[in-house]
Number of protein chains: 2
Amino acid sequence: MLSGGVGAARLLRALRRHDADVELSAVVNVGDDLVMHGLTICPDLDTIMYTLAGAHNDELGWGLANETWRVMQRLGELGGENWFALGDLDLATHLYRSQRLAQGATKTDVSRELAARFGLDVALLPVSDDPIATEFDTALGPLSFQEYFVRHRHDVVVNAVRVRGAAAAVLSDPARDALERSSRIVIAPSNPLISIDPILRVPGVADILTRRRDDVVAVSPLVGGAAIKGPADRLMRELGHEVNAVGVARFYQGMVGTMIIDVVDADQADAVANTGCDVRVTTTVMSRDDHALALADAVRS
Amino acid sequence: MLSGGVGAARLLRALRRHDADVELSAVVNVGDDLVMHGLTICPDLDTIMYTLAGAHNDELGWGLANETWRVMQRLGELGGENWFALGDLDLATHLYRSQRLAQGATKTDVSRELAARFGLDVALLPVSDDPIATEFDTALGPLSFQEYFVRHRHDVVVNAVRVRGAAAAVLSDPARDALERSSRIVIAPSNPLISIDPILRVPGVADILTRRRDDVVAVSPLVGGAAIKGPADRLMRELGHEVNAVGVARFYQGMVGTMIIDVVDADQADAVANTGCDVRVTTTVMSRDDHALALADAVRS
């Protein structure tokens, strides 16, 4: 699965529940990774890891359950930057990763180690071990991913998205193997422009999808013209895309054999099919378990 | 005051209690600073800061009062390195410093900012903004400062001490000003070999002390031939120094106008004087408040 954060995590969890034995690999976006306070933080990798471990914070929608905020509170008292909230337990993940990277381990190594500690039965694969940084030209000037996403709560007009480093990044061997050898490639219902596109821009990924397009299934993250979570709808509008399943299908055109769209968008099925793919219609909103399982079933069938 | 950690912190506190108005500057060793988990940690600067703020952990002898260990505990569960214990509140200091350094601030800048936040009325001056690393050749092979000091609890034979980077380090302007302009220079009762020597090795410091030796007062950290805290006695023996106030006086010979030694070492006064300095004898063990004030008085008189 080409994976962003929450949407991918939920679909991976649903696929695992749907079939305890299926082999699952997540090829994960690293374009929103950041270095803050000296720590290397990988939000999408961690969201997937925490969710699949059942350790995620459902109330917040990010981070870990039973979290406390002692370090951040003190950091605020010291006048430090605390707009990117890092819980005490979550910090241990970033300390672990940062120390291992300083020792010469790759993000791929660290993800494997952490996934084992969290008891995951899904391979957690950063698309690349090279630095990739998604950046935004906005009405407020250039912003890093998390400045845009967290600091400004994605509530600012975006004129352009750049994925710095992607063209020079090397697709990791385990990610390449997963994409080459899996029976099916799923594009998660993540934000096409800022979660999936940074993966597609790593040389080799789009080629593999184009070559294997009959095995590629994409799930539209837009339902009724709106994103379940995050700024996908607004960004697609601002960057000139049609803000519905048809717009998503066009974005992935040539790389996708099957698009899965929500029942509320059933009237778009023909238009989606006209982009050159099969269409499946099902319930896709995974906050309901039965919808999540229906979606997992559609992805597998 | 040329300063290591605990001994210097206690003497600075005593000097402040002795005279609320005296201007105090600590020129602090950075040879035991380390980067761990991506965080820049300055143990001597922080020990002084926490102690002078009254926020130090008296029970542990290091770190902050009311400390908790949630991050470290989880880091241990993740299989991370946790032999260098970092409390939750303490971590906020390191996150703050690391973030500011990444933004281009110097250690001097960060120390000034943190000292203000902690309400200090003592100037907290890293001897240099350049990297200095005290390292040990030991029976277990080469060790970094904190590997030697914390990981192996300084319980290993030391064959040599190296202070990497010191010869190329630039004495910071505020530290130079403090050393040039203060009415008196105090060498704290810190470890001569691993707390004070890294300061003395920064080009300019020994010259200033030699030139101003009549204004330099050193306090012996050895009382009755033993260190109050830490491995000063053992290290002096292993590295061929006499393990008493005379050995300390010889180590600082030519840079010190007055040596202060403890009453229990009164019989060494003549031998200390023979190294070429005045001698004052007083109580120096600062775990007792009256002794600390007597020492402050001796330093000022």
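Note that the coordinates shown come from a computational prediction; the quantities given were computed from them, not determined experimentally. In this numbering scheme, every chain counts its residues from 1 along its sequence in written order. Each chain takes a letter, starting from A, and each ligand takes a number, starting from 1, following the order in which they are written. pLDDT decides what is reported in this predicted model: residues at 70 or higher carry local features, side-chain atom pairs at 80 or more are listed and counted, and totals for whole chains, interfaces and linings draw on all residues regardless.

Draft legend 1. Layout of the overall build of chain A. Strands here mean DSSP runs of E at least two residues long; helices mean DSSP runs of H or I at least four residues long; both are numbered from the N terminus. If you tally the helices and strands in chain A, you get 13 helices and 14 strands. At 18 Å, chain A has a C-alpha radius of gyration in line with the 19 Å of a compact globule built from 301 residues. On the principal axes, the C-alpha backbone points of chain A span a range of 55 × 45 × 40 Å. When the 301 residues of chain A are sorted by exposure, 50% land in the buried category. In chain A, the share of contacts with a sequence separation of at least 24, taken over all contacts with a separation of at least 6, comes to 64%. Throughout, the radius of gyration refers to the C-alpha atoms, and the reference size of a globule is 2.2 Å times the residue count to the power 0.38. Comment: burial labels come from other C-beta atoms within 10 Å of the residue's own C-beta, placed from the backbone, where a count of 20 or more is buried, 12 or fewer is exposed, and between is partly exposed. The contact criterion used here is simple: two residues whose C-beta atoms, placed from the backbone, lie within 7 Å are in contact.

Draft legend 2. Quick look at the pairing of strand β10 (residues 216-219) of chain B. Residues and elements named next belong to chain B. What you see with β10 is no split at all: Val 216 and Ala 218 on one side and Val 217 and Val 219 on the other are buried throughout. Here the rule is simple: two strands pair whenever DSSP picks up at least two bridges between them. Strand direction decides the pairing type here: β10 and strand β13 (residues 258-262), joined by three bridges, are parallel. When the bridges of β13 are listed, Val 217 appears paired with Thr 258.

Draft legend 3. Here's a closer look at the sheet that holds strand β7 (residues 141-144) of chain A. All names here are of chain A. Pairing is antiparallel across the open sheet formed by three strands, whose spatial order is β7-β6-β8. Bordering the open sheet on either side are β7 and β8 (158-164), each of which pairs with just one other strand. Strand-to-strand twist across the sheet, computed as the mean angle between neighbouring axes with direction ignored, equals 25°. Every axis corresponds to a line fitted to the C-alpha atoms, with the helix fit spanning only the stretch in contact, and the corresponding angles, defined between N-to-C directions, vary from 0 to 180 degrees. Strands in contact with helix α8 (residues 192-200) are β6 (133-138) and β8; relative to β8, the strand with the most contacts, it is inclined by about 25°.

Draft legend 4. A look at the environment of Arg 13 of chain A. Residue and element names in this part refer to chain A. In this fold, Arg 13 is placed in helix α1 (residues 6-18). What makes Arg 13 buried here is the crowd of 21 C-beta atoms within 10 Å. When the C-alpha positions of Arg 13 and Ala 53 are compared, they lie 9.3 Å apart, and in sequence the two are 40 residues distant. If sequence neighbours within four positions are ignored, Arg 13 has contacts with Thr 51 and Leu 52.

Draft legend 5. Up close: the packing of helix α1 (residues 6-18) of chain B against helix α2 (residues 43-52) of chain B. Residue and element names in this part refer to chain B. Between α1 and α2, the least distance of the axes is 9 Å, while the angle of their chain directions is 30°. Both α1 and α2 take part in a crossing whose hand is right-handed. Together, Val 6, Ala 8, Ala 9, Arg 10, Leu 12 and Arg 13 of α1 and Thr 47, Ile 48, Thr 51 and Leu 52 of α2 make up the contact between the two elements. For the contact of α1 with α2, the class distribution of residues is six nonpolar, two polar and two charged. Two helices cross in a left-handed way if the nearer one is turned anticlockwise from the farther one by less than a right angle. They cross in a right-handed way if the turn is clockwise. Amino acid classes used here: Ala, Val, Leu, Ile, Met, Phe, Trp, Tyr, Cys and Pro are nonpolar; Asp, Glu, Lys and Arg are charged; the rest, including Gly, are polar.

Draft legend 6. Expanded view of the sheet that holds strand β8 (residues 158-164) of chain B. Residues and elements named next belong to chain B. Taken in spatial order, the three strands make up an open sheet running β7-β6-β8, and their pairing is antiparallel. Edge positions in the open sheet fall to β7 (141-144) and β8, since each of these has one partner strand only. Each strand of the sheet is rotated relative to its neighbour by a mean of 25°, with strand direction disregarded. Along the sheet, helix α8 (residues 192-200) makes contact with β6 (133-138) and β8, crossing β8 at roughly 25°.

Draft legend 7. View of the relation of the copies chain A and chain B. For this overlay, a least-squares fit was computed on C-alpha atoms, restricted to residues scoring pLDDT of at least 70 in both copies. Mapping chain A onto chain B leaves a residual RMSD of 0.0 Å; the transformation is a rotation of 180° accompanied by 0.0 Å of translation along its axis. Expressed as a symmetry operation, the mapping of one chain copy onto the other fits a two-fold axis. Closest approach to the rotation axis among the C-alpha atoms of chain A is made by Gly 38 of chain A, whose C-alpha sits 2.5 Å away. Both copies share a contact surface, since 100% of the interface residues of chain A are interface residues in chain B too.

Draft legend 8. The packing of helix α3 (residues 70-77) of chain A against helix α4 (residues 88-102) of chain B, seen in detail. At a minimum axis distance of 8 Å, the contact between α3 of chain A and α4 of chain B shows a crossing angle of 50°. The orientation of α3 of chain A with respect to α4 of chain B, classified from their angle, is oblique. Between α3 of chain A and α4 of chain B lies a crossing whose hand is right-handed. Residues Arg 70, Val 71, Arg 74 and Leu 75 of chain A of α3 of chain A form the contact with α4 of chain B, whose own contacting residues are Asp 88, Leu 89, Leu 91, Ala 92, Leu 95 and Tyr 96 of chain B. Here the contact of α3 of chain A with α4 of chain B is built from residues that sort into seven nonpolar, no polar and three charged. In these notes the angle categories are as follows: under 35 degrees is roughly parallel, over 145 is roughly antiparallel, 65 to 115 is roughly perpendicular, and the rest is oblique.

Draft legend 9. Up close: unusual backbone geometry. Phi is positive for His 37 of chain A, close to 55°, though the residue is something other than glycine. For His 37 of chain A, a count of 29 C-beta atoms within 10 Å corresponds to the buried category.

Draft legend 10. Spotlight on the environment of Ala 9 of chain B. Note on placement: Ala 9 of chain B falls in helix α1. Not counting residues within four places of it along the chain, the set of residues in contact with Ala 9 of chain B comprises Thr 47, Ile 48, Thr 51 and Leu 52 of chain B.

Draft legend 11. Inspection of the pairing of β6 of chain A at higher detail. Residue and element names in this part refer to chain A. Summarising the sheet, β6 and β8 pair through six bridges and their orientation is antiparallel. Opposite Glu 135, over in β8, you have Arg 162 as the bridge partner. Both β6 and β7 contribute to a ladder of four bridges, which runs antiparallel. Each residue of the ladder has a partner; that of Phe 136, found in β7, is Leu 143. Counted along the chain from β6 to the antiparallel partner β7, the turn is two residues long.

Draft legend 12. Local environment of the interface of chain A and chain B. Between chain A and chain B, the residue contacts involve 26 residues of the former and 26 residues of the latter. Of all elements in the fold, only β4 (39-41), α3, α4 (88-102) and α5 (107-117) of chain A reach the threshold of two or more residues within the side of chain A that touches chain B. Broken down by element, the side of chain A that touches chain B gets its largest block of residues, 10 residues, from α4 of chain A. Within the side of chain A that touches chain B, the residues separate by chemical class into 12 nonpolar, nine polar and five charged.

Draft legend 13. The arrangement of helix α7 (residues 173-181) of chain B in detail. Residues and elements named next belong to chain B. Here α7 has its buried residues at Ala 175, Ala 178 and Leu 179. When α7 is viewed along its axis, its buried side chains cluster within an angular range of 95° and face the same direction. Residues Asp 173, Glu 180 and Arg 181 are exposed on α7 and point more than 90 degrees away from its buried face. Structurally, α7 contributes buried residues whose contacts are with β2 (25-28), β5 (123-126), β9 (185-187) and α9 (205-211). An arc is given here, and it is the one of the directions from the helix axis to the C-beta atoms.

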